Each structure stands twice: as C-alpha cells, then as structure tokens.
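Fold and geometry: a report
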Amino acid sequence: MALTGLDIYKLLPKTNCKKCGRPTCLAFAMQLAQKKANLSDCPDVSEEAKRVLGAASAPPIKLVTVGTGARKVEIGEENVLFRHEEKFYHPTGIAVTIHDDLDDAAFDNRLKKINNLKMSRVGTEIEIDLVAIINKSASAEKFADAAKKVSDGSHLNIILSSTSVDNMKAALANCAEKRPLIHGANAGNCESMAALAKEKNCPMTVTAPTLEELADLAERVKKVGVEEIVLDVSGDKPKEVLQKLTRIRRAALKKNFRALGFPMITFACDDDAFQEISMASTYLVKYAGIVVVNTCESWGIMPLLTVRTNIFTDPQKPIQVEPKLYAVGDAKEDSPVLFTTNFSLTYYTVEGEVEGSRIPAFILSVDTGGTSVLTAYSGDKLNDKVVAKAMADAQVETKVKHRKLIIPGLVAVMSGKLQETLGWEIMVGPREASGLASYLKTVWKP
Ligand code: SF4
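Just so we're clear, the structure is a prediction, and the values are computed from it rather than from any experiment.

1. Considerations on a nonpolar patch on the surface
The grouping of Leu-6, Leu-26 and Met-30 at the surface amounts to a nonpolar patch, some 250 Å² of accessible area in total. Note on placement: Leu-6 falls in helix H1 (residues 5-11).

2. Focus on the packing of helix H9 (residues 238-254) against helix H10 (residues 273-285)
Orientation of H9 relative to H10, taken along the N-to-C sense of each, is 15°, at an axis distance of 10 Å. Considering the angle they form, H9 stands roughly parallel to H10. In this structure, H9 crosses over H10, and the sense of that crossing is right-handed. Taken together, the residues of H10 that come into contact with H9 (itself represented by Pro-238, Val-241, Leu-242 and Leu-245) are Gln-275, Met-279, Thr-282 and Tyr-283.

3. Some points on the UniProt feature "binding site: [4Fe-4S] cluster" (unreviewed entry) in the protein chain
Taking the numbering used here, the UniProt-annotated feature "binding site: [4Fe-4S] cluster" (unreviewed entry) corresponds to Cys-17, Cys-20, Cys-25 and Cys-42. In summary, the annotated positions, though distributed over 26 residues, converge in three dimensions, the widest C-alpha pair being only 9.6 Å. Taking the annotated residues in turn, Cys-17, Cys-20, Cys-25 and Cys-42 line the second largest cavity. With respect to the helices and strands, Cys-20 occurs in the loop between H1 and helix H2 (25-33). Turning to its location among the elements, Cys-42 is positioned in the loop between H2 and helix H3 (47-56). Each residue touching Cys-42, except ones within four places of it in the same chain, is listed here: Pro-13, Cys-20 and Phe-28.

4. A short note on the sheet that holds strand S3 (residues 93-99)
Paired through backbone hydrogen bonds, the strands of a sheet run either parallel or antiparallel to each other. Taken in spatial order, the eight strands of this closed barrel run S3-S6-S7-S8-S9-S10-S11-S12, and their pairing is parallel. Adjacent strand axes in the sheet meet at a mean angle of 25° when their direction is disregarded. Of the pairings in the sheet, the one linking strand S10 (residues 229-232) to strand S11 (residues 264-267) comprises two bridges and is parallel in character. Considered in S11, the bridge of Asp-232 is made with Ile-265. Packed on one face of the sheet, helix H8 (residues 211-224) meets strand S9 (204-207) and S10 and runs near 145° to S9. Strand contacts of H10: S3, S11 and strand S12 (290-293), with the helix running at about 175° to S12, the strand carrying the most contacts.

5. Section: the UniProt feature "binding site: 5-methoxybenzimidazolylcob(I)amide" (unreviewed entry) in the protein chain
According to UniProt, the feature "binding site: 5-methoxybenzimidazolylcob(I)amide" (unreviewed entry) maps to Thr-340, Thr-346, Gly-370, Thr-371, Ser-372, Val-373 and Ala-433 in the numbering used here. Positionally, Thr-346 belongs in helix H12 (residues 344-357). Once you skip the residues sitting within four places of it in the chain, Thr-346 turns out to touch Thr-340, Thr-341, Ser-372 and Val-373. If you trace the backbone, Gly-370 turns up in the loop between strand S15 (361-366) and helix H13 (373-378). Not counting residues within four places of it along the chain, the set of residues in contact with Gly-370 comprises Pro-318, Gln-320, Asn-342 and Phe-343.

6. A look at the domain arrangement of the protein chain
Partitioning the protein chain into structural domains gives domain 1 (5-57), domain 2 (64-311) and domain 3 (325-442). In this structure, domain 1 and domain 2 have C-alpha centres spaced 36 Å apart.

Calculation criteria
Residues numbered from 1 in each chain as written. Predicted model: local features only at pLDDT ≥ 70, side-chain atom pairs only at ≥ 80, totals over all residues. Heavy atoms only, no water. Patch = residues over 30% accessible without salt bridge, like charges linked within 9 Å, V, L, I, M, F, W, Y side chains within 5 Å. Areas by Shrake-Rupley, 256 points an atom, 1.4 Å probe, with all protein chains shown as cover. Salt bridge = Lys/Arg side-chain N within 4 Å of Asp/Glu carboxyl O. Helix = DSSP H or I, 4+ residues; strand = E, 2+ residues; numbered from the N terminus. Axes fitted to C-alpha atoms, helices over the stretch in contact; angles between N-to-C directions. Parallel < 35°, antiparallel > 145°, perpendicular 65-115°, else oblique. Left-handed = near helix turned anticlockwise from the far one by under 90°. Contact = heavy atoms within 4.5 Å. UniProt positions renumbered as here; feature names shortened; annotations may be inferred. 1 Å grid on protein atoms, 1.4 Å probe; cavity = no way out; pocket = protein on both sides within 12 Å on 5 of 7 lines; lining within 4 Å. Pairing = 2+ DSSP bridges. Domains from an automatic or database assignment.

What follows is the structure, encoded as structure tokens:
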C-alpha cells in the first residue's frame, strides 16, 4: 500500500526548516504522497527514512528508456488513470514493423517509407519513434543483417523481435549501441534473454498469457538483474487486450502492485489497416507505452500521431501560438487582415485555409489565453478592447494602407462596437474557417 501524507510526515525531521521549498514538513509530506515532490528535496532526511520512503516514493510505474540521445523513447512513470486528473507524461511510442525475410529492394523501400512517416500539426513536427524488426525468417544471419540495415539507415529507435536467444544475440551484435528494446522473452527463455539484456544494457519485454504469469516473469527477469522491463500485452481480441492494459495500469497505480509496475507494449497488427489503426488508437489512449503496427501508409499513421498529440497534451494548458501578426504568403499593404484567437488549433486551421486560398494575408493572433473564439468571447477574453490592443501592439496600421478588418463570423455581434473602437471598417467573415478561401476570393476588396 502507498504511504499516506501522515505516514510520511512521521519519518521526516519535523523542523519546518523550509529548505525543501515548502513551508512545513507536513506540506512536503503531503506533496510527496501525491508524487508532486522528490524526497531528495529534503537535505536533512535520515538514512532510515530514505530507506523506507525511497521505496515508497518510487514511481508506481517504472520509467523505461529505449534508444539513446535526443530521439530516445521514454515510457512509463505515469501517475494517473485519467489525463484530466493531472496529465500523461510520456507519449506512447509508435512503432512500425519490418520483416527480415524481405528481399533487399523491398526492405530498403519499406525502411525509406517508414523513415518518412512524419507530419506537421499545429506548428509542430511529429513522427513515429521506432522500427520493430521481426525475425520472420527465423535466421540469425538475416535478423542480424536487418538490424544492421536499420541501425545504419534509420534515425528511429529499434525493437528486435525474436524468441530465439541466438538470433537475438546476432542482431544485438549489430545495433546494441542504439539500446534497442529486446522483444521475445517468454516463460521458456526469459532468463537467457535477460542475461543478454543485462550484458548489453538494453530494456526488454516479457510475454505471458495471463497477468499472474506476466508478473511472475517480470520477477524472474528482475532477479537476473534487468530493471527496465516492458510488459507485452498483445492479443487477437481487442476487448481482452484493453482489459489487460487497464487492469495492469490500475494494479500499478491504485494497488501499488510493484510486480506489474512497468510500462506496456502491444502489437496491434492486423491485415486490415483500418482495423489495425483503430485498435492501435484505442490502446494508445489506454494505456500502451508502445504500440506496434504493420501499416506504413501515411493515411494510417497520421491519425495515430494525431490521437497521441491530443492525449499527451496538458489538459490544464491550452496549446497556444504566440499572439502577434502573422504574414501568410507574400502579404503586402493591400492584403486582407483577419483576426482569430491564439488557440493553436484555431489559429492553424485559419492559417491553413488562408494558405489554401493562395491570397496573401495578415492574420492577427489575439491573446485569449489559448481559448477558441466562442469560448473567449463568452468569457469576455475577446472583446473590442482586447482586439484594439492586439492591433496596436502589432502595429497593424503600419503594415496595410486600407482600414478593413475581417472578423470571425462566430463573433459577428462584436462588429458594431469594434468599428466604433477601432475606427476601421469591420467585415464579418464566415462562421467556419472552411469558408475563408471563397470569402477572400469573392467578398474581399482592398
Ligand atoms: Fe521539513 Fe526537510 Fe522540508 Fe526542512 S527540508 S521543512 S526538514 S521536509
């Protein structure tokens, strides 16, 4: 059982010295219980307290790192079941498979395609994280060759998947320095795989049909000396996989059940790419640390990347763009000026539509604390004075000769007051951003 704030308080020095940055030892104890503080923040804690509290304050789900350097994937160390309770910290790693029995040309083509699975969304570049090399050939030589090709020809992290310890050893000889995830340990080979993982300092997975056996395997692997373990929760029936993912997360967080306190991987591979992406999205939301799919088509991967981006944002902090005047295309003094809010999704939707219209324009992103147009208006974060200030701050009147401002159709009600405050002609734009291209082409006149 997790220690309560009072349990922890009894073990602290109780001097209220404030060296930890908290006003009292009790306040520190409460934050420690909620995993919002680190024991190391208190310099005066006794060795005995460190021993007791160190174990109790360890994260309920172990942090596991696959890969090295800036592109490494960190999974685990999550504190909540639902993101609105706090937030999810470590985005699910997305992996695409490549089989080692492909001929050279097919292998190279697929690897090239996998390397290019990236997109730009709300101003950020997002992409997949790992290549899962599957030892389909069952040959050590081919598996090792595939590992070398991926290691040399991809910036992505690696999962090596084989149940053969010898084949795994051969592949590791070609890519161990990239710290791949070793996948394939089961009840029959887990000690040998663990010895390999320990020797190469790599994380590894364990696979078993039931949660009890999974916990047992994790303990066996730990005894060999491997700490970074990932539980493989794959299966043919999505309902059962989802139940397992949820039960493990609950056991780790709610029961503090250390034997299952590890991140999880699931292979959501299916011949039907639509089914595959739908399963992978579900597992990504609850609670896979890594999802592996077969499809390397961008139309399949993009929705998955989008789901991940949405789930792993901080629900307490709207994603915002810098509030300022943006020029889209070669905007000049006779180009239209529009305003929208600085909520990223709103801004980039508007920007995308303006770009698509091929009419250069200025977009004024008004600071509404990252809220959308209607939310900002109803909360009085978007009114004539706020817009006038944003116009003045961005010196819009020095950028264009005309005095016309296009406002979102959703806040047409602002037009009268805004015209009065600004002294500009107010043009009411479309209610939806999708109507902007035709509006700019047919209604706008400088
Ligand atoms: Fe208490 Fe330690 Fe914080 Fe001082 S530093 S107030 S002793 S918890």
